[in-house]
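As a plain string of letters, each chain reads:
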Amino acid sequence: MEVKRKQIIDTMVVGFALFAMFLGAGNLIFPPTLGAIAGDQWFKAMIGFMMTGIGLPILGVVASAKAGGRLEDVAGKVNKTFSILFGSLIMICIGPLLAIPRTCATTYEIAVQPLFGNISPILVSIIFFGLTLFFTLNQSKVVDKIGSILTPILLVILFTIIISSIVKPIGVPKNTGSTQNFVKGFKEGYQTMDAIGSIIMATIVINSVKKRGYTSQKDMFRMTVISGIIAAFCLAFVYGGLVYIGGTGSGYLTIDPENPNRVANLIFMVNKIMGQYGTAALALTVALACLTTSIGLTATAGEFFSDLTHGKLTYKSIVIFTCLFSGIIATNGVDSIITFSGPILSVLYPVAIVIILLNIFDNKIKYKAIYKGATLGAFMASLLDTIANIGDFKNIRSFLDRIPLGSEGFAWVIPAIVFGFAFIVLEMAIDNNNQKGVI
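Presented here is a report on the structure given in the accompanying data block. (Residues numbered from 1 in each chain as written. Predicted model: local features only at pLDDT ≥ 70, side-chain atom pairs only at ≥ 80, totals over all residues. Heavy atoms only, no water.)

## Some words on the overall build of the protein
Across its full length, the protein holds 17 helices and zero strands. Computed over its C-alpha atoms, the radius of gyration of the protein comes to 22 Å, within 12% of the 22 Å expected for a compact globule of 439 residues. Expressed as a percentage of the 439 residues in the protein, the buried residues total 52%. The long-range share in the protein, meaning contacts at least 24 apart out of those at least 6 apart in sequence, stands at 83%. Only carbon and sulfur atoms are counted for the fraction: they give 68% of the accessible area of the protein, which is about 20,400 Å². Taken as two groups, the 32 positive and 22 negative side-chain charges of the protein have centres that lie 6 Å from each other. (Helix = DSSP H or I, 4+ residues; strand = E, 2+ residues; numbered from the N terminus. Rg over C-alpha atoms; globule rule 2.2 N^0.38 Å. Buried < 20%, exposed > 50% of the residue type's maximum accessible area, 1.4 Å probe, protein only. Contact = heavy atoms within 4.5 Å. Areas by Shrake-Rupley, 256 points an atom, 1.4 Å probe, with all protein chains shown as cover. Lys, Arg positive; Asp, Glu negative; His and termini not counted. Charge placed at Lys NZ, Arg CZ, Asp CG, Glu CD.)

## What about the pattern of salt bridges?
In the structure shown here, the tally under the stated rule is eight salt bridges. A salt bridge links Lys6 to Asp10; the nearest nitrogen and oxygen atoms lie 2.7 Å apart. Remark: Asp10 and Lys6 occur in helix α1 (residues 2-23); sequence separation between them is four residues, near one turn of the helix. Judged by its relative accessible area of 41%, Lys6 falls in the partly exposed class. Residue classification places Asp10 among the buried positions, given a relative accessible area of 8%. (Salt bridge = Lys/Arg side-chain N within 4 Å of Asp/Glu carboxyl O.)

## Thoughts on the layout of surface pockets
Put simply, the second largest pocket is a space of about 1,200 Å³. Lining the second largest pocket are 35 residues, and of these Lys187, Glu188, Glu258, Ser346 and Asn389 sit closest to its centre. Those elements that provide at least two residues to the lining of the second largest pocket are α2 (30-38), α9 (181-188), α14 (334-360), α15 (369-390) and α16 (394-401). Top contributing element to the lining of the second largest pocket by residue count: α14, with eight residues. Of the residues contributing to the lining of the second largest pocket, the split by class is 12 nonpolar, 13 polar and 10 charged. (1 Å grid on protein atoms, 1.4 Å probe; cavity = no way out; pocket = protein on both sides within 12 Å on 5 of 7 lines; lining within 4 Å. Points joined across faces, edges and corners; volume = space filled by probe spheres on them. Nonpolar A, V, L, I, M, F, W, Y, C, P; charged D, E, K, R; others polar.)

Below, the structure written as structure tokens:
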């Protein structure tokens, strides 16, 4: 009975820790604007966002646990070189290029500007990354303690906002004329970067499970799955509630989908629900949570690239470079960072989706060449799709739209399937020739 009780408590702790890792204060800016754009179609947008913002990250952790818990166990089935390259690209994205700068930019726009006026973003960036560098180099446990306090406070504020919006909605969701809301939600979920990050974050989760005494593959996998379900339910409530808030506020906002100003929309909606005190509480908590996220990601980047280069690049030099580079990028503002990250994530995400799904069903897959083929097909199609979306390439767009699901924004699905099966046929042919050679 005591063992069962310990398992339940340990699973709950890991589940809530996983939830806190994926939530990320910076991710809060996406659901409200998504809901406001979708209007009375907010539920479709919410389902799309949950698939990539919740479902895929949880599947990523489960797939990693099933494969062995390391990045090379998951992506190495394509190719060892690919595993190193793909892992490095993921770490760059959730590190100095996109996610870390966004924590600072979000802090500036949510906390500094509303509370202190137009202080220079350069000054804020210097202070923010000065603190990040200090705590990362010292590797102080103070940050862990602050994080363990901030996450519950942030959750209390979010739950209060969401419950208040249900009891007393901002307004009635209106018909905004927005189309393909499921696809918009699906692709907006890319911006959380949690699915690509889950392949790396899984190592932290699995090590946490091991430290609690669960060393068998069966126990680790079971705890990871149940913890993932707990995290998914919590994330669904937060993200779903925020999309709903956006939907109810659609009658008060006129949003340009090309330049939505997500931070301003979030502040406006929270102010509508809880007034200035609620806005101030959210701003302060988000700012501190963003700082702890920045410190955690910077330390992870330092350890990742130091291990990758076998110490040729030292932990200290990497975190210093990360802070300097992130500080420069952060001054461009949240929406600029998001706009810049869109094309990169549009290429990486389909590849990550394919790798995660194949690892989930790995024990059913006889011919492992499908990993190479499906990954290649998804990469080429998503790259073409991204190029067509960036520039005025009508021929490429016309070609992709003729592919089934292409006009719906999923041009990579069929090529991934076709190339996957083509590589299976190729592997079967090679095996047959080898057998004939033996005979």
